[in-house]
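The primary structure of each chain is shown beneath.
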Amino acid sequence: NMGSALVKAAAKAVDPACLLISNRTVKKSKALSSEVGAVVSTNKEIAACCDMIFLGVKPQMMKDMLEEIAPVLDNRADDFVLVSMAAGMTIDRIRKMAGGQYPVIRIMPNLPVAVGEGLTLYAISDNVTADALAYFLETLRLAGSFDQLPEGLIDVGCAVSGCVPAFVYIFIEALADGGVRSGLPRDAALRLAAQTVLGSARMVLETGKHPGELKDMVCSPGGTTIEAVKVLEEQGFRAAVINAMQSCMAKSDAMS
């Protein structure tokens with residue numbers, strides 16, 4: 001899902017004919033190719049000629065995939081960059097499995113890149129050139145925002161940016177369920193819930209105000225909102241979110 005989303009974003013920014021894609025299931029590659037115009041290829045062909053090679057596989061699959069292309073990479077005389085989106089896989093481990101001290105950009109995108117509103121965290125190895133980084137950012141500029149972090153903070157940052165969309169989707173679904181319980185049609189309830197979450201997030205980003213201050217602006221004395229906030233606090237809303245993020249980071253540590 002994430003690899004396809006990034007391909008779609010890149011295809012809007014560069015000539016799709018410059019994009020080579022490969023998947024274990026050729027049918028999936030062909031389906032994506034017909035949608036965006038990218039060229040169906042193979043792992044070895046991509047490793048042999050592409051300037052920027054995205055490694056869009058699960059962490060447990062990375063070793064076998066890199067072993068397949070390592071001899072091809074070793075034979076290259078030109079410059080290239082490996083871009084990994086595998087959770088918990090450090091730049092050093094990617095290099096070791098690939099068989100060389102190659103330039104590596106480690107990225108952690110989130111699912112909203114599929115609609116151009118994503119956040120991609122990234123860290124770079126010391127030999128990624130300024131030109132290569134600029135090319136990377138330009139190619140994926142339509143995927144959303146980018147934030148560079150020290151590699152040691154990537155997994156922590158991912159707990160916020162990469163996993164939280166799932167929390168937000170559950171929250172939106174729960175808001176809609178509450179609306180339906182009170183008589184709203186399902187489609188209206190979902191639309192109102194999603195738009196309200198979107199608008200609330202934009203206020204945090206665009207006003208620069210602390211979320212607590214914005215919350216206070218909505219909570220009138222003795223009103224309905226503060227009554228609802230009281231229930232959320234009684235039910236451990238904040239603690240549940242914090243604990244969920246701690247579990248996410250612990251899992252990431254275990255994977256690495």
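Being a predicted model, the structure only gives us computed values, none of them experimental.

Trainee: Is there a simple way to explain the environment of F146 in this structure?
Mentor: Looking at where F146 falls in the secondary structure, it is placed in strand β7 (residues 144-148). With near-sequence residues (within four places) excluded, F146 lies in contact with L119, T120, Y122, F136, L137, L140 and R141.

Trainee: Help me understand the pattern of salt bridges, please; the structure alone is not making it clear to me.
Mentor: Side chains that differ in sign of charge can pair as their charged atoms come close. Under the definition given, this model contains 14 salt bridges. One salt bridge in this structure joins D78 and R76, with 2.8 Å as the shortest N-O distance.

Trainee: Would you take a moment to explain the packing of aromatic side chains for this structure?
Mentor: Centre-to-centre distance and the angle between the planes together describe a pair of aromatic rings. Tallying each qualifying case throughout the model produces five aromatic pairs. Between F171 and F237 the ring centres are 6.1 Å apart and the planes differ by 45 degrees, which places this aromatic pair in the tilted class. In this pair, F171 sits in helix α8 (residues 164-181) while F237 sits in helix α12 (residues 237-255), placing the two residues 66 residues apart along the sequence. The partly exposed category is assigned to F171, whose relative accessible area is 35%. Each residue in the set F54, Y122, F136 and F146 is aromatic and connected to the rest through ring pairs, giving one cluster.

Trainee: I would appreciate a short explanation of the pairing of β7 in the present structure.
Mentor: The side chains of a regular strand alternate, residue by residue, between the two faces of the sheet. By the bridge criterion, five bridges tie strand β6 (residues 118-124) to β7 in an arrangement that is parallel. Bridge pairing links L121 to D147 in β7. As for the winding sense of the linkage, the β-α-β connection from β6 through helix α6 (residues 130-139) to β7 is right-handed.

Trainee: What am I meant to see in the packing of helix α7 (residues 154-161) against α12 here?
Mentor: Geometry of a packed helix pair, given as the angle between the helix axes and the separation of the axes. Between α7 and α12, whose axes approach to 9 Å, the crossing angle comes to 140 degrees. Considered as vectors, α7 and α12 are oriented oblique to each other. Of the two possible hands of crossing, α7 and α12 adopt the one that is right-handed. Touching D155, V156, A159 and V160 of α7 are M245, C248, M249 and S252, all from α12. A per-class count over the contact of α7 with α12 returns six nonpolar, one polar and one charged.

Analysis parameters
- Residues numbered from 1 in each chain as written.
- Predicted model: local features only at pLDDT ≥ 70, side-chain atom pairs only at ≥ 80, totals over all residues.
- Heavy atoms only, no water.
- Helix = DSSP H or I, 4+ residues; strand = E, 2+ residues; numbered from the N terminus.
- Contact = heavy atoms within 4.5 Å.
- Salt bridge = Lys/Arg side-chain N within 4 Å of Asp/Glu carboxyl O.
- Phe/Tyr/Trp six-rings, centres within 6.5 Å; stacked < 30°, edge-to-face > 60°.
- Buried < 20%, exposed > 50% of the residue type's maximum accessible area, 1.4 Å probe, protein only.
- Pairing = 2+ DSSP bridges.
- Right-handed = clockwise from strand over helix to strand, strands pointing away.
- Axes fitted to C-alpha atoms, helices over the stretch in contact; angles between N-to-C directions.
- Parallel < 35°, antiparallel > 145°, perpendicular 65-115°, else oblique.
- Left-handed = near helix turned anticlockwise from the far one by under 90°.
- Nonpolar A, V, L, I, M, F, W, Y, C, P; charged D, E, K, R; others polar.

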